[in-house]
2 protein chains.
Amino acid sequence: MRIPILKLYDCLLVSIQWELDDQTALQFQEDLLHKIHEIGASGVVIDITSIDFIDSFIAKVLGDVISMSKLMGAKVVITGIQPAVAITLIELGISLNDVMTSLDLEKGLEKLQQELGE
Amino acid sequence: MRIPILKLYDCLLVSIQWELDDQTALQFQEDLLHKIHEIGASGVVIDITSIDFIDSFIAKVLGDVISMSKLMGAKVVITGIQPAVAITLIELGISLNDVMTSLDLEKGLEKLQQELGE
């Protein structure tokens, strides 16, 4: 199972709408980095509104994919972090430093466009 | 397995990036109609760029979901129809009459916004 990655102009949109298993999460990480390279994406929005539980492995993969995307030169916005997910991330010590976050996909895209416009 | 449906303002975006099996196609049909109802969507873009083969059942489900979405009041744009898919659709007698089509997701969204703006 793979997570679809949508290309919208020079940005990528991803909506994770179910709990990820470890294999899918790693596949997603690989797919996203390849796609960033392929289209020369300057921004990525990852929407996790539908995720209301996250385990330590998935949290680590998410943190990693953000750092990797940044290394490749793409700005990342995470949208729709649910209370329980925020609690888990902080308790696991994954603070997602310097990551832009937004309430929902629309606000995330707007924030990204502002950042890219600057 | 379910296909993620992204909400962007009053439109829904769907990118189908792998061959659908029958169960997934029916689940997608149900999910999309529910989502249109839930958010009161006025437009839907379905991107099938990655699909380079379509069988008669999936073609029928696709035709149905377009008619159903229209009945519910949402405009539908199909983007990225590959040559082989176009050939199959016409050979099966599914002409997707009155459906807006576009080359890619960006053009599809623009066409939809034009239509909705009118």
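Remember, predicted model here, so these are calculated numbers, not experimental data.

J.: Help me understand the overall build of chain A, please; the structure alone is not making it clear to me.
T.: Each helix and strand in chain A was counted, giving four helices and five strands. Written out in order from the N terminus, the α and β elements of chain A read β-β-α-β-α-β-α-β-α. A compact globule built from 118 residues should have a C-alpha radius of gyration of about 13 Å, and chain A, at 13 Å, falls within 12% of that. Oriented by its inertia axes, the alpha-carbon framework of chain A measures out at about 35 × 25 × 25 Å. Here chain A, with 118 residues, has 48% of them falling under the buried criterion. A separation of at least 24 residues holds for 74% of the contacts in chain A among residues at least 6 apart in sequence. Accessible surface, chain A: about 5800 Å² in total, of which carbon and sulfur atoms supply 54%.

J.: Help me understand the pairing of strand S2 (residues 11–15) of chain B, please; the structure alone is not making it clear to me.
T.: Working note: regular strand, side chains alternate between the two faces of the sheet. Residues and elements named next belong to chain B. With five of five residues buried, S2 is to be regarded as a mostly interior element. Across the two faces of S2 the burial is the same, with Cys11, Leu13 and Ser15 and Leu12 and Val14 all buried. If you look at the hairpin formed by strand S1 (residues 5–8) and S2, you'll find two residues sitting between the two strands, and Tyr9 has a positive phi there, around 55°. Judged from the five bridges that link them, S2 and strand S3 (residues 43–47) form a sheet pairing that is parallel. When the bridges of S3 are listed, Leu12 appears paired with Val44. With respect to chirality, the unit in which S2 leads through helix H1 (residues 22–39) into the neighbouring parallel S3 is right-handed.

J.: What is the right way to look at unusual backbone geometry in this model?
T.: Outside of glycine, negative phi angles account for most residues, and trans bonds account for most peptide bonds. Residue and element names in this part refer to chain A. Its identity as a non-glycine residue notwithstanding, Tyr9 has a phi of 55°, on the positive side. Examined against the element boundaries, Tyr9 turns out to sit in the loop between strand S1 (6–8) and strand S2 (11–15). On the accessibility criterion, Tyr9 (43% relative accessible area) is partly exposed.

J.: I keep staring at helix H2 (residues 56–71) of chain B and nothing clicks. Help me out?
T.: Helical geometry: 3.6 residues make up each α-helical turn, so side chains three or four residues apart lie on a common side. Residues and elements named next belong to chain B. In this model H2 runs 22 Å from its N-terminal to its C-terminal C-alpha over 16 residues, within 8% of the 22 Å that 1.5 Å per residue would give. Turning to H2, its buried residues number three or more, namely Ile58, Ala59, Val61, Leu62, Gly63, Val65, Ile66 and Ser69. Taken together, the buried residues of H2 touch H1, S3, strand S4 (75–79) and helix H3 (83–91). N-capping of H2 is provided by Asp55, with a side-chain oxygen placed 3.2 Å from the backbone N of Phe57. Gly73 lies just past H2 and shows a positive phi near 100°.

J.: What is the right way to read the sheet that holds strand S5 (residues 100–102) of chain A from this model?
T.: Across a sheet, strands are paired by hydrogen bonds formed along the backbone, either parallel or antiparallel in direction. Residues and elements named next belong to chain A. The strand order across the open sheet formed by five strands is S1-S2-S3-S4-S5, and the pairing between neighbours is mixed. Looking along the sheet, the strands with just one partner apiece sit at the ends: S1 and S5. Averaged over all neighbouring strand pairs, the angle between strand axes comes to 25°, with direction disregarded. Of the strands in this sheet, S1, S2 and strand S3 (43–47) are in contact with helix H1 (residues 22–39), which crosses S2 at around 160°.

What counts and what doesn't
- Along each chain, residue indices are assigned from 1 in the same order as the chain's sequence is written.
- Written order determines the labels here, with chains lettered from A and ligands numbered from 1.
- A pLDDT threshold of at least 70 governs which residues receive local features in this predicted model, and a stricter bar of 80 or more applies before side-chain atom pairs are shown or counted, although totals over entire chains, interfaces and linings include all residues.
- Excluded from the side-chain calculations are hydrogens and water; all other atoms, namely the structure's heavy atoms, are used.
- Here a strand is any run of E in DSSP of at least two residues, a helix any run of H or I of at least four, and the numbering for each starts at the N terminus.
- Each radius of gyration is computed over the set of C-alpha atoms, and the globule rule expresses the reference value as 2.2 Å times the number of residues to the power 0.38.
- For every residue, the accessible area obtained with a 1.4 Å probe (protein chains only) is divided by the maximum for its type, and the residue is called buried under 20%, exposed over 50%, and partly exposed between those limits.
- The criterion used for residue contact is that any of the two residues' heavy atoms lie within 4.5 Å.
- For the area figures, the Shrake-Rupley method with a 1.4 Å probe applies, and any residue is considered shielded solely by the protein chains shown.
- What makes two strands pair is DSSP finding at least two bridges between them.
- A clockwise course of the path from the first strand over the helix to the second, judged with the strands pointing away from the viewer, identifies a crossover as right-handed.
- Expected span, for any helix, means 1.5 Å times one less than how many residues it has.
- Polar contacts here mean pairs of N or O atoms no more than 3.5 Å apart (in protein, one a potential hydrogen donor and the other a potential acceptor; neighbouring residues in sequence count only if both atoms are side-chain atoms).
- In this analysis, axes come from line fits to C-alpha atoms, helices being fitted only over the stretch in contact, and the angle between any two N-to-C directions falls in the range 0 to 180 degrees.

In short, shape yes, function no, at least from these values alone.
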